[in-house]
Amino acid sequence: MPEPFVTVPCIDVITVSHETRLALFRLVLLQRIAEERVIALYRQGKVPGSVYTGRGQEAVAAGAGLALGPDDVIAPLNRELAAHLARGVTVADVFRNYLGKGDGPTRGRDGNMHFGKASHDVFPLVSMLGDLCPLTVGAALAFKRRGEARVAMTFWGDGAFSVGDIHEGLNLAGVLHVPAVFVIQRNGYAYSTPTKRQMLNTSITERVRGGWSLPCEEVDGTDALSTYSAVQAAVERARAGEGPQVIEAVTLRMGGHAAHDAGTYMDAAVKEEYAAQRDPVERLAARLLLSGLAVAEVDGLRAAAVEEVAAGLAEAERSPAADPATLEDGVYSQPV
Ligand SMILES: Cc1ncc(C[n+]2csc(CCOP(=O)(O)OP(=O)(O)O)c2C)c(N)n1
(Lines give C-alpha, C1' and ligand atoms only; values in the text may rest on other atoms or scores of the structure.)
Protein backbone atom coordinates (compact mmCIF):
# COMPACT_ATOMS: atom_id res chain seq x y z
CA MET A 1 0.00 0.00 0.00
CA PRO A 2 1.36 3.48 -0.82
CA GLU A 3 2.75 5.42 2.13
CA PRO A 4 0.72 8.57 2.93
CA PHE A 5 -2.23 6.76 4.50
CA VAL A 6 -1.75 5.60 8.08
CA THR A 7 -5.45 5.02 8.57
CA VAL A 8 -7.06 1.58 8.89
CA PRO A 9 -8.82 0.87 5.60
CA CYS A 10 -12.55 0.35 5.83
CA ILE A 11 -13.95 -3.13 5.38
CA ASP A 12 -14.08 -4.33 1.80
CA VAL A 13 -17.78 -4.91 1.33
CA ILE A 14 -17.45 -6.66 -2.00
CA THR A 15 -21.07 -6.08 -2.96
CA VAL A 16 -20.45 -2.33 -3.19
CA SER A 17 -19.64 -1.57 -6.83
CA HIS A 18 -16.66 0.47 -7.98
CA GLU A 19 -18.99 3.24 -9.21
CA THR A 20 -20.68 3.45 -5.81
CA ARG A 21 -17.28 3.62 -4.05
CA LEU A 22 -16.32 6.54 -6.27
CA ALA A 23 -19.69 8.23 -5.65
CA LEU A 24 -19.23 7.77 -1.89
CA PHE A 25 -15.73 9.23 -2.04
CA ARG A 26 -16.99 12.26 -3.96
CA LEU A 27 -19.70 12.81 -1.34
CA VAL A 28 -17.48 12.49 1.75
CA LEU A 29 -14.96 14.81 0.13
CA LEU A 30 -17.60 17.36 -0.86
CA GLN A 31 -19.00 17.46 2.67
CA ARG A 32 -15.54 17.77 4.24
CA ILE A 33 -14.29 20.45 1.88
CA ALA A 34 -17.53 22.44 1.67
CA GLU A 35 -17.85 22.53 5.46
CA GLU A 36 -14.22 23.63 5.87
CA ARG A 37 -15.04 26.44 3.46
CA VAL A 38 -18.22 27.33 5.38
CA ILE A 39 -16.24 27.54 8.63
CA ALA A 40 -13.73 29.87 6.97
CA LEU A 41 -16.60 32.08 5.71
CA TYR A 42 -18.16 32.02 9.18
CA ARG A 43 -14.90 33.21 10.76
CA GLN A 44 -14.81 36.02 8.19
CA GLY A 45 -18.26 37.09 9.38
CA LYS A 46 -19.93 36.17 6.09
CA VAL A 47 -22.33 33.55 7.48
CA PRO A 48 -25.24 35.19 9.31
CA GLY A 49 -26.23 32.02 11.17
CA SER A 50 -24.23 29.42 13.09
CA VAL A 51 -22.36 26.43 11.69
CA TYR A 52 -22.75 22.80 12.77
CA THR A 53 -20.65 20.48 10.65
CA GLY A 54 -20.42 16.71 10.36
CA ARG A 55 -16.62 16.45 10.36
CA GLY A 56 -15.85 12.83 11.20
CA GLN A 57 -19.39 11.71 10.36
CA GLU A 58 -19.38 12.15 6.58
CA ALA A 59 -19.44 8.41 5.87
CA VAL A 60 -22.85 8.08 7.54
CA ALA A 61 -24.36 11.00 5.63
CA ALA A 62 -22.91 9.81 2.31
CA GLY A 63 -23.63 6.11 2.81
CA ALA A 64 -27.20 6.62 3.98
CA GLY A 65 -28.00 9.30 1.40
CA LEU A 66 -26.73 7.20 -1.47
CA ALA A 67 -28.60 4.10 -0.26
CA LEU A 68 -31.97 5.64 -1.09
CA GLY A 69 -33.79 5.26 -4.40
CA PRO A 70 -34.81 8.25 -6.55
CA ASP A 71 -38.41 8.39 -5.25
CA ASP A 72 -37.60 8.03 -1.56
CA VAL A 73 -37.68 10.91 0.92
CA ILE A 74 -35.06 12.00 3.42
CA ALA A 75 -35.14 14.23 6.48
CA PRO A 76 -31.52 15.09 7.30
CA LEU A 77 -30.37 16.82 10.47
CA ASN A 78 -27.40 19.18 10.69
CA ARG A 79 -24.49 16.73 10.25
CA GLU A 80 -25.74 15.20 7.02
CA LEU A 81 -24.68 17.58 4.26
CA ALA A 82 -23.57 14.66 2.05
CA ALA A 83 -27.10 13.23 2.24
CA HIS A 84 -28.47 16.46 0.71
CA LEU A 85 -25.84 16.24 -2.01
CA ALA A 86 -26.63 12.57 -2.64
CA ARG A 87 -30.21 13.63 -3.39
CA GLY A 88 -28.99 16.11 -5.99
CA VAL A 89 -29.00 19.31 -3.92
CA THR A 90 -26.13 21.37 -5.34
CA VAL A 91 -23.10 22.73 -3.52
CA ALA A 92 -24.14 26.18 -4.80
CA ASP A 93 -27.52 25.87 -3.07
CA VAL A 94 -25.84 24.91 0.20
CA PHE A 95 -23.61 28.00 0.04
CA ARG A 96 -26.57 30.17 -1.01
CA ASN A 97 -28.28 29.18 2.19
CA TYR A 98 -25.25 29.75 4.40
CA LEU A 99 -24.63 33.14 2.77
CA GLY A 100 -28.28 34.18 3.12
CA LYS A 101 -28.78 34.72 -0.62
CA GLY A 102 -32.16 35.80 -1.97
CA ASP A 103 -32.40 32.88 -4.39
CA GLY A 104 -31.19 30.28 -1.87
CA PRO A 105 -33.34 27.50 -0.43
CA THR A 106 -34.64 29.67 2.43
CA ARG A 107 -34.34 32.94 0.48
CA GLY A 108 -32.02 34.45 3.02
CA ARG A 109 -33.98 33.60 6.13
CA ASP A 110 -31.68 31.00 7.66
CA GLY A 111 -27.88 31.15 7.14
CA ASN A 112 -27.49 27.61 8.42
CA MET A 113 -28.54 24.09 7.37
CA HIS A 114 -32.25 24.50 8.15
CA PHE A 115 -33.43 23.89 4.66
CA GLY A 116 -34.93 21.21 2.47
CA LYS A 117 -35.80 20.89 -1.17
CA ALA A 118 -39.28 19.70 -2.04
CA SER A 119 -38.32 18.97 -5.66
CA HIS A 120 -35.65 16.55 -4.40
CA ASP A 121 -37.79 15.02 -1.63
CA VAL A 122 -35.54 16.47 1.08
CA PHE A 123 -37.50 17.59 4.13
CA PRO A 124 -36.35 20.78 5.82
CA LEU A 125 -34.47 20.39 9.06
CA VAL A 126 -36.63 20.97 12.12
CA SER A 127 -34.42 22.27 14.89
CA MET A 128 -36.44 20.78 17.72
CA LEU A 129 -34.64 17.48 18.20
CA GLY A 130 -36.89 14.48 17.80
CA ASP A 131 -39.51 16.15 15.63
CA LEU A 132 -38.17 14.67 12.41
CA CYS A 133 -38.95 11.17 13.67
CA PRO A 134 -42.78 11.32 13.74
CA LEU A 135 -42.68 13.45 10.58
CA THR A 136 -40.77 10.68 8.82
CA VAL A 137 -43.13 8.05 10.16
CA GLY A 138 -46.01 10.12 8.72
CA ALA A 139 -44.38 10.21 5.29
CA ALA A 140 -43.77 6.46 5.41
CA LEU A 141 -47.38 5.87 6.46
CA ALA A 142 -48.56 7.92 3.47
CA PHE A 143 -46.46 5.75 1.14
CA LYS A 144 -47.87 2.61 2.68
CA ARG A 145 -51.48 3.78 2.46
CA ARG A 146 -51.06 4.84 -1.17
CA GLY A 147 -49.38 1.55 -2.05
CA GLU A 148 -46.21 3.34 -3.21
CA ALA A 149 -42.90 1.46 -3.03
CA ARG A 150 -41.15 4.40 -1.40
CA VAL A 151 -39.10 4.70 1.79
CA ALA A 152 -38.70 7.58 4.27
CA MET A 153 -35.45 8.07 6.14
CA THR A 154 -34.29 10.37 8.93
CA PHE A 155 -31.32 10.85 11.24
CA TRP A 156 -30.59 11.86 14.79
CA GLY A 157 -27.81 11.67 17.37
CA ASP A 158 -27.38 9.64 20.54
CA GLY A 159 -28.32 12.67 22.67
CA ALA A 160 -31.58 13.16 20.79
CA PHE A 161 -32.43 9.54 21.55
CA SER A 162 -33.56 10.80 24.98
CA VAL A 163 -36.33 12.90 23.42
CA GLY A 164 -39.83 11.48 23.84
CA ASP A 165 -40.99 12.20 20.27
CA ILE A 166 -38.43 9.74 18.99
CA HIS A 167 -39.77 6.93 21.15
CA GLU A 168 -43.36 7.73 20.24
CA GLY A 169 -42.33 7.78 16.58
CA LEU A 170 -40.41 4.49 16.77
CA ASN A 171 -43.28 2.80 18.54
CA LEU A 172 -45.75 4.02 15.95
CA ALA A 173 -43.44 3.01 13.09
CA GLY A 174 -43.31 -0.51 14.48
CA VAL A 175 -47.02 -0.84 15.18
CA LEU A 176 -48.01 0.57 11.78
CA HIS A 177 -45.22 -1.39 10.06
CA VAL A 178 -44.24 1.54 7.84
CA PRO A 179 -41.39 1.70 5.30
CA ALA A 180 -39.05 3.91 7.33
CA VAL A 181 -35.33 3.80 8.09
CA PHE A 182 -33.87 5.65 11.06
CA VAL A 183 -30.14 6.33 11.13
CA ILE A 184 -28.67 7.20 14.50
CA GLN A 185 -25.27 8.83 14.61
CA ARG A 186 -23.73 7.72 17.90
CA ASN A 187 -20.88 10.20 18.23
CA GLY A 188 -20.54 9.95 21.99
CA TYR A 189 -21.70 13.48 22.82
CA ALA A 190 -24.81 15.60 23.10
CA TYR A 191 -23.18 19.00 22.80
CA SER A 192 -20.66 18.78 25.69
CA THR A 193 -22.38 15.99 27.61
CA PRO A 194 -20.82 12.56 27.08
CA THR A 195 -23.48 9.98 26.23
CA LYS A 196 -22.48 7.86 29.19
CA ARG A 197 -23.44 10.71 31.54
CA GLN A 198 -26.82 10.92 29.85
CA MET A 199 -27.96 7.30 29.81
CA LEU A 200 -27.06 4.12 31.65
CA ASN A 201 -27.38 1.93 28.60
CA THR A 202 -25.49 3.67 25.78
CA SER A 203 -26.25 0.91 23.26
CA ILE A 204 -28.97 2.29 21.02
CA THR A 205 -29.21 -1.11 19.34
CA GLU A 206 -30.04 -2.89 22.60
CA ARG A 207 -32.62 -0.28 23.51
CA VAL A 208 -34.30 -0.28 20.10
CA ARG A 209 -34.45 -4.06 19.98
CA GLY A 210 -35.46 -4.49 23.61
CA GLY A 211 -37.71 -1.45 23.93
CA TRP A 212 -39.45 -1.28 20.57
CA SER A 213 -38.90 -4.79 19.15
CA LEU A 214 -37.54 -3.23 15.97
CA PRO A 215 -34.58 -4.58 14.02
CA CYS A 216 -31.45 -2.51 14.64
CA GLU A 217 -27.95 -3.00 13.32
CA GLU A 218 -24.79 -1.41 14.72
CA VAL A 219 -22.29 -0.40 12.04
CA ASP A 220 -18.92 1.32 11.96
CA GLY A 221 -20.06 4.79 10.98
CA THR A 222 -16.55 5.78 9.91
CA ASP A 223 -16.62 3.16 7.18
CA ALA A 224 -18.62 4.42 4.20
CA LEU A 225 -18.84 0.98 2.57
CA SER A 226 -20.25 -0.74 5.67
CA THR A 227 -22.67 2.11 6.34
CA TYR A 228 -23.88 2.22 2.76
CA SER A 229 -24.34 -1.52 2.64
CA ALA A 230 -26.23 -1.76 5.97
CA VAL A 231 -28.50 1.18 5.20
CA GLN A 232 -29.19 -0.05 1.70
CA ALA A 233 -30.26 -3.45 3.06
CA ALA A 234 -32.59 -1.68 5.53
CA VAL A 235 -34.03 0.48 2.73
CA GLU A 236 -34.71 -2.49 0.48
CA ARG A 237 -36.21 -4.42 3.40
CA ALA A 238 -38.56 -1.51 4.13
CA ARG A 239 -39.43 -1.16 0.45
CA ALA A 240 -40.30 -4.85 0.29
CA GLY A 241 -42.91 -4.32 3.02
CA GLU A 242 -40.86 -5.83 5.85
CA GLY A 243 -41.23 -2.80 8.09
CA PRO A 244 -39.03 -0.15 9.68
CA GLN A 245 -35.42 -0.54 10.76
CA VAL A 246 -32.90 1.40 12.78
CA ILE A 247 -29.18 1.67 12.01
CA GLU A 248 -26.82 2.69 14.83
CA ALA A 249 -23.74 4.19 13.18
CA VAL A 250 -20.85 4.53 15.63
CA THR A 251 -18.85 7.67 14.90
CA LEU A 252 -17.08 10.55 16.62
CA ARG A 253 -17.28 14.28 16.03
CA MET A 254 -13.82 15.44 14.93
CA GLY A 255 -14.29 18.67 16.89
CA GLY A 256 -16.77 20.55 19.02
CA HIS A 257 -20.53 20.69 18.69
CA ALA A 258 -20.38 23.68 16.34
CA ALA A 259 -17.97 26.21 14.86
CA HIS A 260 -18.27 28.31 18.02
CA ASP A 261 -17.28 25.35 20.24
CA ALA A 262 -13.65 24.16 20.29
CA GLY A 263 -14.64 20.90 21.99
CA THR A 264 -11.96 21.30 24.67
CA TYR A 265 -13.97 19.00 26.94
CA MET A 266 -13.31 16.09 24.57
CA ASP A 267 -10.49 13.66 25.33
CA ALA A 268 -7.52 14.95 23.27
CA ALA A 269 -5.95 11.49 22.92
CA VAL A 270 -9.19 10.02 21.60
CA LYS A 271 -9.56 12.88 19.14
CA GLU A 272 -5.98 12.38 17.92
CA GLU A 273 -6.39 8.63 17.59
CA TYR A 274 -9.64 9.14 15.70
CA ALA A 275 -8.14 11.65 13.31
CA ALA A 276 -5.17 9.36 12.62
CA GLN A 277 -6.99 6.05 12.37
CA ARG A 278 -10.68 6.52 11.74
CA ASP A 279 -11.09 9.62 9.61
CA PRO A 280 -13.86 8.48 7.23
CA VAL A 281 -12.41 10.36 4.27
CA GLU A 282 -8.96 8.82 4.66
CA ARG A 283 -10.34 5.36 5.38
CA LEU A 284 -12.24 5.38 2.12
CA ALA A 285 -9.20 6.75 0.29
CA ALA A 286 -7.17 3.85 1.69
CA ARG A 287 -9.83 1.40 0.54
CA LEU A 288 -9.77 2.85 -2.97
CA LEU A 289 -5.99 2.44 -3.07
CA LEU A 290 -6.26 -1.15 -1.87
CA SER A 291 -8.80 -1.88 -4.56
CA GLY A 292 -6.36 -0.82 -7.25
CA LEU A 293 -6.66 2.93 -7.76
CA ALA A 294 -3.34 4.74 -8.13
CA VAL A 295 -2.37 7.54 -5.73
CA ALA A 296 -2.60 9.96 -8.66
CA GLU A 297 -6.18 8.83 -9.35
CA VAL A 298 -7.22 9.33 -5.71
CA ASP A 299 -5.51 12.72 -5.74
CA GLY A 300 -7.43 13.53 -8.93
CA LEU A 301 -10.72 12.78 -7.18
CA ARG A 302 -9.69 15.05 -4.30
CA ALA A 303 -8.81 17.84 -6.73
CA ALA A 304 -12.14 17.41 -8.55
CA ALA A 305 -14.01 17.79 -5.25
CA VAL A 306 -12.01 20.93 -4.35
CA GLU A 307 -12.94 22.29 -7.77
CA GLU A 308 -16.62 21.39 -7.41
CA VAL A 309 -16.81 23.18 -4.06
CA ALA A 310 -14.99 26.25 -5.40
CA ALA A 311 -17.34 26.40 -8.42
CA GLY A 312 -20.40 26.02 -6.16
CA LEU A 313 -19.20 28.80 -3.89
CA ALA A 314 -18.40 31.10 -6.81
CA GLU A 315 -21.90 30.49 -8.22
CA ALA A 316 -23.50 31.23 -4.85
CA GLU A 317 -21.45 34.40 -4.44
CA ARG A 318 -22.87 35.69 -7.73
CA SER A 319 -26.42 35.28 -6.38
CA PRO A 320 -28.25 38.40 -5.22
CA ALA A 321 -28.48 39.19 -1.52
CA ALA A 322 -31.90 38.69 0.05
CA ASP A 323 -34.11 41.75 -0.37
CA PRO A 324 -35.26 42.99 3.07
CA ALA A 325 -38.57 44.03 1.47
CA THR A 326 -39.38 40.30 1.05
CA LEU A 327 -38.84 39.55 4.73
CA GLU A 328 -42.45 38.76 5.49
CA ASP A 329 -43.07 36.75 2.30
CA GLY A 330 -44.09 33.23 3.20
CA VAL A 331 -44.51 34.17 6.86
CA TYR A 332 -47.94 35.79 6.89
CA SER A 333 -50.80 35.26 4.51
CA GLN A 334 -50.91 38.05 1.93
CA PRO A 335 -53.33 40.90 2.68
CA VAL A 336 -56.36 40.84 0.38
C1 LIG B 1 -35.82 19.41 21.85
C2 LIG B 1 -34.45 20.08 21.78
N3 LIG B 1 -33.73 20.19 22.92
C4 LIG B 1 -32.52 20.77 22.89
C5 LIG B 1 -32.02 21.26 21.71
C6 LIG B 1 -30.64 21.95 21.68
N7 LIG B 1 -29.64 21.04 21.09
C8 LIG B 1 -29.30 21.16 19.79
S9 LIG B 1 -28.17 20.01 19.33
C10 LIG B 1 -28.12 19.34 20.87
C11 LIG B 1 -27.27 18.14 21.16
C12 LIG B 1 -27.73 16.96 20.38
O13 LIG B 1 -26.92 15.85 20.62
P14 LIG B 1 -27.00 14.58 19.71
O15 LIG B 1 -28.42 14.20 19.47
O16 LIG B 1 -26.13 13.55 20.32
O17 LIG B 1 -26.46 15.05 18.30
P18 LIG B 1 -25.03 15.64 17.94
O19 LIG B 1 -25.11 17.11 18.15
O20 LIG B 1 -24.04 14.95 18.80
O21 LIG B 1 -24.87 15.30 16.49
C22 LIG B 1 -28.98 20.02 21.73
C23 LIG B 1 -29.17 19.67 23.15
C24 LIG B 1 -32.82 21.16 20.54
N25 LIG B 1 -32.41 21.60 19.36
N26 LIG B 1 -34.03 20.54 20.61
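Scroll up to find the structure.
Residue indices begin from 1 for each chain and proceed along its sequence in written order. With the structure being a predicted model, the display of local features is reserved for residues of pLDDT at least 70 and the display and counting of side-chain atom pairs for 80 or more, all residues being used for whole-chain, interface and lining totals.

S.K.: Help me understand the overall build of the protein, please; the structure alone is not making it clear to me.
M.R.: Numbered from the N terminus, helices here are DSSP runs of H or I no shorter than four residues, and strands are runs of E no shorter than two. The helix and strand inventory of the protein stands at eleven helices and seven strands. Each radius of gyration reported is based on C-alpha atoms, and the globular scaling rule is 2.2 Å times the count of residues to the power 0.38. Against the compact-globule benchmark of 20 Å for 336 residues, the protein has a radius of gyration of 20 Å, which places it among compact chains. With the principal axes as the frame, the protein shows a C-alpha extent of 65 × 50 × 40 Å. To sort residues by exposure, count the other C-beta atoms lying within 10 Å of each residue's C-beta; 20 or more gives buried, 12 or fewer gives exposed, and values between give partly exposed, all with C-beta atoms placed from the backbone. Looking at the protein as a whole, 48% of its 336 residues qualify as buried.

S.K.: Got a minute to help me understand the packing of helix H1 (residues 18-43) against helix H11 (residues 295-318) in this structure?
M.R.: Helix-helix packing: each pair is described by the crossing angle between the helix axes and the interaxial distance. Here an axis means a line fitted to C-alpha atoms, over the contact stretch when the element is a helix, while the angle between two N-to-C directions is reported on a 0 to 180 degree scale. Between H1 and H11, the least distance of the axes is 9 Å, while the angle of their chain directions is 50°. Put simply, H1 runs oblique to H11. With respect to the hand of their crossing, H1 and H11 are arranged in right-handed fashion. Seen from H1, the contacting residues are Phe25, Arg26, Leu29, Leu30, Ile33, Ala34 and Arg37; seen from H11, they are Leu301, Arg302, Ala305, Val306, Glu308, Val309 and Leu313. Residue composition of the contact of H1 with H11, grouped by class: ten nonpolar, no polar and four charged. Note that the term roughly parallel is reserved for angles under 35 degrees, roughly antiparallel for angles over 145, roughly perpendicular for angles of 65 to 115, and oblique for everything else. In this scheme the handedness of a crossing depends on how the near helix is turned from the far one: anticlockwise by less than a right angle means left-handed, clockwise means right-handed. Our contact criterion uses C-beta atoms placed from the backbone: two residues qualify when those atoms are within 7 Å. Think of it as three bins: nonpolar holds Ala, Val, Leu, Ile, Met, Phe, Trp, Tyr, Cys and Pro, charged holds Asp, Glu, Lys and Arg, and polar takes everything else, Gly as well.

S.K.: So what exactly am I meant to see when it comes to the site of the ligand here?
M.R.: Taken together, 17 residues form the shell around the ligand, and within it Leu129, Gly157, Gly159, Ala160 and Ala190 come nearest. Those elements that provide at least two residues to the shell around the ligand are strand E2 (152-157) and strand E4 (189-190). Classifying every residue of the shell around the ligand gives eight nonpolar, seven polar and two charged. Whether a residue is near a molecule or strand depends on its C-beta atom, generated from backbone atoms, being within 6 Å of that molecule or strand.

S.K.: Got a minute to help me understand unusual backbone geometry in this structure?
M.R.: Most peptide bonds take the trans configuration, and most residues that are not glycine carry a negative phi. Here the phi dihedral of Arg107 falls at roughly 50°; this positive angle occurs in a residue that is not glycine. Looking at the element boundaries, Arg107 is found in the loop between helix H4 (91-98) and helix H5 (132-146). For His177, which is not glycine, the phi torsion reads 55° and is therefore positive. Relative to the assigned elements, His177 resides in the loop between helix H6 (164-176) and strand E3 (180-186).

S.K.: Looking at this structure, how should I read the pairing of strand E7 (residues 245-250)?
M.R.: Along any regular strand the residues' side chains alternate between the sheet's two faces. Of all six residues in E7, six are buried, a share of seventy percent or more. Burial of E7 is two-sided: the residues Gln245, Ile247 and Ala249 facing one way and the residues Val246, Glu248 and Val250 facing the other way are all buried. At least two bridges found by DSSP between two strands is the condition for calling them paired. Bridging between E3 and E7 involves six bridges; their strand directions are parallel. When the bridges of E7 are listed, Phe182 appears paired with Val246. Bridge analysis of strand E6 (residues 216-220) against E7 gives five bridges, and the strand direction is parallel. Directly across from Glu217, in E7, lies its bridge partner Ile247. Note on the crossover from E6 through helix H8 (residues 224-239) to E7: the handedness is right-handed. Viewed with both strands pointing away, a crossover whose connecting path from the first strand over the helix to the second turns clockwise is right-handed.

S.K.: Teacher, can you tell me more about the sheet that holds E6 here?
M.R.: The strands that make up a sheet pair up through hydrogen bonds in the backbone, lying either parallel or antiparallel. Strands sit in the order E1-E2-E3-E7-E6 across an open sheet of five strands; the sheet is parallel. Every other strand in the sheet has two partners, leaving strand E1 (73-75) and E6 as the edge strands with one partner each. The mean inter-strand angle of the sheet, taken between neighbouring strand axes irrespective of direction, is 20°. Against the sheet, H8 makes contact with E3, E6 and E7, and its axis sits at roughly 170° relative to E7, the strand it touches most.

S.K.: What should I look at first to understand the nonpolar core in this one?
M.R.: A general feature of soluble globular proteins is that nonpolar side chains tend to end up buried together. For the purposes of this analysis, a nonpolar core is taken to be any set of buried Ala, Val, Leu, Ile, Met, Phe, Trp, Tyr and Cys residues that are connected through C-beta atoms within 7 Å. Judged by nonpolar contacts, the single largest core of 89 residues is most densely connected at Val28, Val181 and Val183. Per element, the largest residue contribution to this core is nine residues, and it comes from H1. Setting aside residues up to four positions removed in sequence, Val181 forms contacts with Val151, Met153, Val231, Ala234, Val235, Ala238, Pro244, Gln245 and Ile247.

S.K.: What is the right way to read the environment of Ile33 from this model?
M.R.: Along the chain, the position of Ile33 falls in helix H1. Not counting the four nearest positions on each side in its chain, Ile33 is found in contact with Ala305, Val306 and Val309.

S.K.: Where do I start with the environment of Gly330 in this structure?
M.R.: Topologically, Gly330 is positioned in the segment after H11. A tally of 11 C-beta atoms within 10 Å means that Gly330 is categorised as exposed.

S.K.: It is not clear to me how H6 should be interpreted in this structure. Could you clarify?
M.R.: For an α-helix, the turn length of 3.6 residues means that residues three or four places apart are oriented alike. Take the number of residues in a helix, subtract one, and multiply by 1.5 Å to get its expected span. For H6, built from 13 residues, the straight-helix expectation of 18 Å at 1.5 Å per residue is met to within 8% by its first-to-last C-alpha distance of 18 Å. Those residues of H6 that fall on the buried side of the exposure criterion are Ile166, Gly169, Leu170 and Ala173. Looking straight down H6, one finds that the buried residues subtend no more than 100° of arc, so they occupy a single side. Within H6, the exposed residues directed more than 90 degrees away from the buried face are Gly164 and Val175. The inward-facing, buried residues of H6 abut H5, E2, E3 and helix H7 (204-212). One or two steps after H6, the chain reaches His177, where phi turns positive at roughly 55°. This arc corresponds to the set of directions leading from the helix axis out to the C-beta atoms.

S.K.: Would you explain the pairing of E3 in this entry?
M.R.: Taking burial as the measure, the seven residues of E3 include seven buried ones, the bulk of the element. Pairing geometry for E2 and E3, over six bridges, is parallel. Residue pairing across strands places Phe155 opposite Val183, the latter belonging to E3. The parallel pair E2 and E3, bridged by H6, forms a crossover whose chirality is right-handed.

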